[in-house]
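Below are the chains, spelled out letter by letter.
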Amino acid sequence: MIEHYLPVGSTYAGDIDSLVMLIFWLVGFWFILCELAFFYLIIKFRKKDGVKSQYVTGEEKSQKRWISWPHMLVLVCDVFILVGAVRVWYDVKQDLPPAQETVRVIAQQWAWTFVHPGLDGQLDTADDIATVNQLHLEVNKLYHYKLESKDVLHNFSVPVFRLKQDAIPGRMITGWFEPTITGEYDIQCAEICGIGHGLMPARVIIKTKEEQAAWVAERSGVSLAATSTQNPLLAATASQPSQLAQAGAVQE
């Protein structure tokens, strides 16, 4: 049902949707049942002329069962929800599979900065690619993200991935996702972080392997050219964009 309104964009998005739908149907079933019982009792015991009202203490077994039996059945449903929730929580938040690539996500009032690995595929090296409000990813590649905040509490929310993670000042939080579809989708801050909270959108751009390799090669050349003005040792590398592109194609 959810996928009709929002695409399933990560490997665990379907599991989260299934858990939401499980809760929806179980809660919806008991809601409808309770409302039917509620109106049935209202109609059955409505005020009637010449009939005195009764004082009911609820202590008799025949009266208690209206509470105790549904209570036990609801607890059984809660067990199913709890088991499903723990399984999904473990897969998404605790079981960290090996990464094929790592990106850095930096939140601040009121923008997102994303740092991507360059041609060497390693983060925190000279050819890193920094972008503002645009996260560039390759489809079917497993990513770790390093999430941090420069100022206040933010929340890194990617609805198409079914991902929400608080960014806490002073902490670096590691998580993961694996995109399964291509296209451009929303990134949001899902935490009220100040007057510009509503003006803090970003986009995740998911491309094929070839498209991502071309983008990395192009942006790595620009990044190295800028860095070479501060480090002469990089000047020779930065002056050969065609070789960078070929290197990117070989690595990919």
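Further up the page is the structure itself.
Summarised in this report is the structure supplied together with it. What you see as residue numbers is a count from 1 along each chain, following the sequence as written. The model is predicted, so local features are restricted to residues of pLDDT at least 70 and side-chain atom pairs to those at 80 or more, both for listing and for counting; the totals for chains, interfaces and linings are taken over all residues. Just so you know, side-chain values use all the structure's heavy atoms and leave hydrogens and water out.

A look at a nonpolar patch on the surface
- A surface patch of nonpolar side chains, amounting to about 590 Å² of accessible area, comprises Y40, L41, F45, W66 and I67.
- At the level of secondary structure, the elements contributing two or more residues to the nonpolar patch comprise α1 (13-44) and α2 (61-94).
- Relative to the helices and strands, Y40 resides in helix α1. Think of a patch as exposed residues, more than 30% relative accessible area, with no salt bridge, where like charges cluster within 9 Å and nonpolar side chains (Val, Leu, Ile, Met, Phe, Trp, Tyr) cluster within 5 Å. The protein chains shown are the only cover counted for residues, whose accessible areas, like all others here, come from Shrake-Rupley with a 1.4 Å probe. By definition, a salt bridge exists where a carboxyl oxygen of Asp or Glu is found within 4 Å of a side-chain nitrogen of Lys or Arg. Numbering of helices and strands runs from the N terminus; a helix is a DSSP stretch of H or I covering at least four residues, while a strand is a stretch of E covering at least two.

Observations regarding the side chain of S157
- Tracing the backbone through its elements, the reader meets S157 in strand β6 (residues 154-158).
- Look at S157 and you get buried, because its relative accessible area is 4%.
- Working rule for contacts: check all heavy atoms of both residues, and any pair within 4.5 Å makes them a contact. Once you skip the residues sitting within four places of it in the chain, S157 turns out to touch L163, K164, D186, I187, Q188 and A190. Residue burial is assigned from relative accessible area. The probe radius is 1.4 Å, only protein chains are included, and a residue is buried under 20% of its type maximum, exposed over 50%, and partly exposed in between.

So, the sheet that holds strand β4 (residues 134-138)
- Strand order in this open sheet of five strands is β4-β10-β9-β6-β7, and the pairing throughout is mixed. The two strands at the open ends of the sheet, each matched to only one other strand, are β4 and β7 (163-167). Mean inter-strand twist for the sheet, computed between neighbouring axes without regard to direction, equals 25°.
- Here five bridges tie β6 to β7, and the two strands are oriented antiparallel to one another. Residue pairing in the sheet places V158 in a bridge with L163 of β7. Two strands qualify as a pair provided DSSP detects at least 2 bridges between them. Here, axes are lines fitted to C-alpha atoms. For helices the fit covers the stretch in contact, and angles between N-to-C directions go from 0 to 180 degrees.

A word on the sheet that holds strand β3 (residues 129-132)
- On the basis of which strands lie adjacent, the open sheet formed by five strands has the order β3-β2-β1-β5-β8 and mixed pairing. Single-partner strands in this sheet number two, and they are β3 and β8 (173-177). Along the sheet, successive strands turn relative to each other by an average axial angle of 25°, direction set aside.
- Of the strand pairs in this sheet, strand β5 (residues 143-149) and β8 are connected by five bridges, and their pairing is antiparallel. Residue pairing in the sheet places K146 in a bridge with T174 of β8.

Remarks on α1
- With 32 residues, α1 extends 46 Å between its outermost C-alpha atoms, agreeing within 8% with the 46 Å of an ideal straight helix rising 1.5 Å per residue.
- When we look at burial in α1, the residues that qualify are A13, I16, D17, L19, M21 and W30.
- Close packing links the buried residues of α1 with α2. A helix is expected to span 1.5 Å multiplied by its residue count minus one.

Here's the deal with the packing of aromatic side chains
- Centre distance within 6.5 Å is the pairing criterion for rings of Phe, Tyr and Trp, where only the six-membered ring of Trp is used; planes under 30 degrees apart are then read as stacked, over 60 as edge-to-face, and the remainder as tilted. Tallied over the full model, the rule gives 10 aromatic pairs.
- Taking 5.2 Å as the distance between ring centres and 75° as the angle between the ring planes, the aromatic pair formed by F29 and W30 counts as edge-to-face.
- Taking the relative accessible area as the measure of exposure, F29 reaches 48% and is therefore partly exposed.
- Under the relative-accessibility criterion, W30 is labelled buried at 14%.
- By way of ring pairs, the aromatic residues W112, F114, Y143, Y145, F156, F161 and F177 are connected into one cluster.
- Directly above the aromatic system of W215 lies the positively charged group of K207, at a separation of 4.9 Å from the ring centroid. In this scheme, the term charge over a ring applies when either NZ of a lysine or CZ of an arginine sits within 6 Å of the ring centre and within 35 degrees of the ring normal.

A short note on the side chain of T131
- Looking at the element boundaries, T131 is found in strand β3.
- With a relative accessible area of 7%, T131 lands in the buried category.
- For T131, the residues in contact, after removing those within four places along its chain, are W112, T113, F114, H116, H136, W215 and R219.

Structural notes on the packing of α1 against α2
- Look at α1 against α2: their axes get within 10 Å of each other, and the N-to-C directions meet at 170°. Considering the angle they form, α1 stands roughly antiparallel to α2. In contact with D15, I16, L19, L22, I23, L26 and W30 of α1, α2 contributes P70, L73, V74, C77, F80, I81, G84, A85, R87, V88 and V92.
- All amino acids are sorted into three groups, where Ala, Val, Leu, Ile, Met, Phe, Trp, Tyr, Cys and Pro are nonpolar, Asp, Glu, Lys and Arg are charged, and the leftover types, Gly among them, are polar. Here the residues of the contact of α1 with α2 sort into 15 nonpolar, one polar and two charged. In this scheme, roughly parallel covers angles under 35 degrees and roughly antiparallel covers those over 145, while 65 to 115 is roughly perpendicular and the rest are oblique.

Concerning the environment of V20
- As for its position among the elements, V20 is in helix α1.
- By relative accessible area, V20 is classed as partly exposed at 40%.
- The spatial distance from the C-alpha of V20 to the C-alpha of I81 is 9.4 Å, given a sequence separation of 61 residues.

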